[in-house]
Amino acid sequence: MKYFLTSMMLFIYGFHYAQNCDFTLLGEIKDFHDGTPITAANIYIQELDKYIISDFDGKFKIEELCKGDITLVISHIGCETKTVTISISGDVFKTILLEHHIEQLNEVAVKGSSRVKETKTAQETILKTETLEQYSHLNLGDALKEISGVSSINTGNSIVKPMINGLHSSRLLILNNNVRLQDHEWGVEHAPNIDINSADQISVIKGAGALAYGGDAIGGVIVIKPDRIFKKDSLFGKTIIGGQTNGRGYNLTSTLTKSYENGWFASIQGSFKKNGDFKAPEYQLTNTGLQSESISLRTGKSTFKSGFELFYSYINNEIGILASSHIGNVNDLITAINSQQPAIVRDFSYDIDNPRQEVTHHLFKATYFKRFKNFGKVNLQYDYQNNNRLEFDIRRGDLRNQAALDLTLQTHTLLADVNVDVNLDRKLNFGFLGRFQDNLAPNTGVRRLIPNYEKYDFGAYITSEWQINDDWLVDAGLRYDFNRIDAFKYYQRSRWEERGYDIDFPEFEIPRDDISGSNIFTNPVFDYHNISASVGARYDIDIENHIIGNYSLASRPPNPAELFSDGLHHSAARIELGDLRLDPEIANRVSATYKHSGSKLNIAIDVFYNAINNYMYLRPTGVLQSNRGAFPVWEYKQTNANLFGTDLTISYDFTNQFNWLNKTAFIKGYDEDDQPLIDMPAFSTSNSITYSNKDWYNFSASLKSEWVLEQNEFPDFNFEVDNPTTGELQLLDVSTPPPAYHLLHFYTEANFDLNLKSSLNIAVGINNIFDTSYRNYLNRLRYFADDLGRNITLQLKLNY
Amino acid sequence: MKTNNSINNIKSMTFLNTNAMKTTKLFLSAILSLALFASCSNDDDSSGGGEPNEDEVITNVTFRFVNNADASDVVTLLSVDPDGDDGPLEPTLSVTGAFNVGDTYTATVNLYNSIEDEDITIEVTEDEPDEHFFVYGINGLDMTFARSANDIERMDGNFLGFETTWTANSAGTGTITVQLFHESETVDSNANEGLGAQTGGSADVNITFSDVVIQ
């Protein structure tokens, strides 16, 4: 009907002015970015139902036009199709700008997600949605171990911190939808507050190559991206339901996205996860339950020229800590280590008792971008994060319901980023960052582990990418960061003086007569200036082989834990002392990668050498006696560390259906006295054989062998203490790593199309098939209990 | 059909332009108000959140032995750690008096937090005896140890070990250790000839007094 009316109107219109049909439209089609003419663009003249093509200079000419409106639909390979309406009342000249590198703009509906790397010359690996979905019931840190050279440092099985080439916590940056996660990330037992289900793709960049994200990524950068939104009318979603035998866990996650052709979109995602006590092969791991809820909302509008996005995410994790790991002093620790199995083994329960953690994280982000012709794209972003961390300890009386540690970290960040892409062979990116952070630690009845502080950051960076010719690409970047930390801390007067701070930092003391004489109130203020830089090159040997070389300089100021830690850490039965005199650590990292991507064989070899000056680490310096018994004192020290290693990934297709995949990582780390660094991952190699058949419901089944050797290079931090019952000396062996282990895992899945738009994926996995008992050197609860036994998982995924 | 499309496109294009301006304004005002909100919501950081109170610290442990035959014959083992568990000051231990050969003493323990002026003893003996347990150690001394008949009995039938009986058998010098455990998984007040044993608890007190003399 509409069609008819419109034709009628046009007909009448045309008829009425039939005598004035001698106008000419001269057009010119140019690239939006650099103004170069676009040759051979297809121009469809709607009113005339006629096609013409632009000439070598991007020009075209339409003659004998009547007065009135004319609609042109212009298309060109690699460009977004554009419709323009031109009013004709005489001869007209019109320039039409086309967007010429749409493949980078997430606006083409491609099958699956086309993956765009964050960097060009850094050692970057991307984890795809399909891989991440296998980890729906697990943690970010578990999923990242899919990448050779990435391991994790754990506190039990629910607190999993990613580790890249032996470095973790403050040395890694985690970006969630372009917001740098600020969640007390310095602590080894503080897992990143991310719901893995909110990620569509994750890039892991080894080293500090991605300067736009920060200059202190001595270990690397983890970039988590949500679903890409396509500019078309659609409503789609997915739901994953899973169950696990070990811990009797279950999880549910669901995503729904609505998008419109005009660029508007809205998306909602939520997850729920729960498990009770896990089980090691020989016993229950009491109080290792977990409950996690999260939700994220996104809305906005994205067109080629401008767009905005509002994003909110919330996650709440309640995590039980193995009951047997709560210890009072060194003797308890010796008893626990020597007993070979946990002292507290109870029947299975979903209850989460003390000790436990409860962490809530809110993230809000607003971003706006605008593209300017002959220039590039300007992006503005504001984000706010609120992270509340509660740690409940075993306490006496009424205090048992009060958290021993209560920290609220609020962070505001303003970001401006400019991408100049006029010349695609000479890309330029620069930007500025301003950040304010406030940590609030109310009184909990125990001395604050981390004091109240305010932190101010300012950063500026510039990076550039040069495509020299078809084979060579070079990139370089420079970044400056200023950090100020302004803390308010009560020291014990005895500690302040014992550290010699009264002599070195008298300016921090604030005399107060309203506090006890045994305390001293201080206001330490530190300013840090950090320079970071990166330069790299990529050479394409031929279509199947390329090599990448990269050098990066990164600089990381001490974090609040390294500066201010001051007290007893119950879970570790040690006193941890920060040091106000610490200097920023400076890392010089050189890396090289060789990649072969053949039709059957794929190889990636990463090698690196990371020299970290003033490397900050904790080491025992003695034993302190108290009424509670003896505690080892661990102090933050600095050394010049050297780390080097190789990460290998090889994949080979024997036939169309059989694939073999090997991932191997080797790393060594030494301090300036050539002593091994603590907590370095042992040599590990995994091999998997996968059978897949696309014709048979996309069926695949794989068997994976995971082999981790014993770490035979470790610093000896053992010492002897008195046994209170016998009075004899006994050895506290906190250093010796556990023996090597080998595990077998099985995973199978198939896809069933329910109708045109929805499909069901069913996956079954068996982890640790033979229920092997083992302990992992990088699990801090390895002193107390074995790692997880067999776990059978079932997962249903519905795409719609 | 094609005409239909073109009209829709024209409509949506004009819609886009005005809307983009509106959203830009909206966005900017949202940022501004958030920034304002942020700067207003600041807290009382300059006070550091208040002086920390240390509610759980035991600074003074007094172990007092009274001769059953002579109330004026008292042996006191005292440990004072004024800055608590994690302060750099080591506890000062003192032993006053000596045990007499052949005599029997009744001992009680007193726990005190001098930082907060808090009596911890009642928290253990009255509030939560079922969650606490004393374990003792005697080395180099010829003594007979028993949990006193007046000792506090826990719900599980074990004796807390708050009040104990010590008989000095022969002369010598040695050490006495007192340990207080919290939230033990198992306790046994008969183990080690009544000195006690536990598993899974965390130590609240663990002090070894040396140079204890029986004369």
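What counts, and where the lines are drawn
Residues numbered from 1 in each chain as written. Chains lettered and ligands numbered in written order. Predicted model: local features only at pLDDT ≥ 70, side-chain atom pairs only at ≥ 80, totals over all residues. Heavy atoms only, no water. Contact = heavy atoms within 4.5 Å. Buried area = accessible area lost by both parts, 1.4 Å probe. Salt bridge = Lys/Arg side-chain N within 4 Å of Asp/Glu carboxyl O. Polar contact = N/O pair within 3.5 Å; in protein donor to acceptor, adjacent residues only side chain to side chain. Nonpolar A, V, L, I, M, F, W, Y, C, P; charged D, E, K, R; others polar. Patch = residues over 30% accessible without salt bridge, like charges linked within 9 Å, V, L, I, M, F, W, Y side chains within 5 Å. Areas by Shrake-Rupley, 256 points an atom, 1.4 Å probe, with all protein chains shown as cover. Helix = DSSP H or I, 4+ residues; strand = E, 2+ residues; numbered from the N terminus. Buried < 20%, exposed > 50% of the residue type's maximum accessible area, 1.4 Å probe, protein only. 1 Å grid on protein atoms, 1.4 Å probe; cavity = no way out; pocket = protein on both sides within 12 Å on 5 of 7 lines; lining within 4 Å. Points joined across faces, edges and corners; volume = space filled by probe spheres on them. Pairing = 2+ DSSP bridges. Axes fitted to C-alpha atoms, helices over the stretch in contact; angles between N-to-C directions. pLDDT = per-residue confidence, 0-100.

Structural notes on the interface of chain A and chain B
Working step 1: At the interface, 78 residues of chain A touch 70 residues of chain B.
Working step 2: Of the roughly 6400 Å² buried at the junction of chain A and chain B (both faces included), carbon and sulfur atoms supply 51%.
Working step 3: Of all residues in chain A, Arg396, Asn627 and Arg628 of chain A bury the most surface against chain B, accounting for 15% of the area lost on that side.
Working step 4: Of the charged contacts, one joins Arg400 of chain A and Glu183 of chain B as a salt bridge, the two residues approaching to 3.3 Å between their closest N and O atoms.
Working step 5: Applying the counting criterion to the chain A and chain B interface returns 26 residue pairs in polar contact (both at pLDDT 80 or more).
Working step 6: Classifying every residue of the side of chain A that touches chain B gives 30 nonpolar, 31 polar and 17 charged.

Observations concerning a nonpolar patch on the surface
All names here are of chain A.
Working step 1: Residues Leu235, Leu256, Ile268, Ile295, Leu297, Leu754, Leu798 and Tyr800 make up a contiguous nonpolar surface patch of roughly 650 Å² in combined accessible area.
Working step 2: Mapped onto the secondary structure, Leu754 falls in the loop between strand S42 (741-753) and strand S43 (759-767).
Working step 3: Given the relative accessible area of 48%, Leu754 is considered partly exposed.

A short note on the pattern of salt bridges
All names here are of chain A.
Working step 1: Under the defined criterion, the tally for this structure stands at 43 salt bridges over all chains.
Working step 2: One salt bridge in this structure joins Asp566 and Lys489, with 3.2 Å as the shortest N-O distance. One end of the pair, Asp566, is in strand S32 (residues 566-569); the other, Lys489, is in strand S28 (residues 472-492), with 77 residues separating them in the sequence.
Working step 3: Take Lys489: its relative accessible area is 3%, and that puts it in the buried class.

Things to note about empty space enclosed by the protein
All names here are of chain A.
Working step 1: Per the counting criterion, the structure on display carries 13 cavities of 30 Å³ or more.
Working step 2: In this structure, the second largest cavity encloses a volume near 500 Å³.
Working step 3: Lining the second largest cavity are 38 residues, and of these Ser170, Arg180, Glu185, Asp216 and Lys455 sit closest to its centre.
Working step 4: Of all the secondary-structure elements, those providing two or more residues to the lining of the second largest cavity are strand S10 (159-164), strand S12 (172-176), strand S26 (426-440), strand S27 (452-467), S28, strand S30 (525-540) and strand S31 (545-556).
Working step 5: Residue composition of the lining of the second largest cavity, by class: 15 nonpolar, 12 polar and 11 charged.

Considerations on the sheet that holds strand S12 (residues 202-214) of chain B
Residues and elements named next belong to chain B.
Working step 1: Pairing is antiparallel across the open sheet formed by three strands, whose spatial order is S6-S9-S12. The outermost strands of the open sheet, each flanked by one partner alone, are strand S6 (132-139) and S12. Looking at each pair of strands side by side, their axes are set apart by 15 degrees on average, direction ignored.
Working step 2: By the bridge criterion, eight bridges tie S6 to strand S9 (residues 172-182) in an arrangement that is antiparallel. Bridge assignment links Asn139 to a residue of S9, and that residue is Thr175.

Points about the side chain of His546 of chain A
Residue and element names in this part refer to chain A.
Working step 1: When you line up the elements, His546 lands in strand S31.
Working step 2: Of the residues examined, His546 reaches a relative accessible area of 11% and is grouped as buried.
Working step 3: For His546, the side chain forms a polar contact with the side chain of Arg538, separated by 3.3 Å.
Working step 4: Not counting chain neighbours up to four residues away, the residues in contact with His546 comprise Arg538, Tyr539, Asp540, Ile541, Thr593, Tyr594 and Lys595.

A closer look at the confidence of the model for chain B
All names here are of chain B.
Working step 1: For chain B, per-residue confidence averages 83 on the pLDDT scale, and residues scoring 70 or more make up 79% of the total.
Working step 2: The secondary-structure element of chain B with the lowest mean pLDDT is helix H1 (residues 2-40), recorded at 47, while strand S2 (residues 74-80) shows the highest, at 96.
Working step 3: With pLDDT under 50 throughout, residues 1-20 is counted as low confidence; its partners more than four residues away or in other chains account for 23 contacts.
Working step 4: Between residues 36-43, whose pLDDT stays under 50, and residues either more than four places distant or in other chains, the model counts six contacts.

Details of unusual backbone geometry
All names here are of chain A.
Working step 1: Note that the residue after Asn354, namely Pro355, is joined by a cis bond; omega there is -5 degrees.
Working step 2: With respect to the secondary-structure elements, Pro355 resides in the loop between helix H4 (330-339) and strand S23 (356-372).
Working step 3: With a phi close to 55 degrees, Asn374 is a non-glycine residue in the positive phi region.
Working step 4: Tracing the backbone shows Asn374 in the loop between S23 and strand S24 (376-392).

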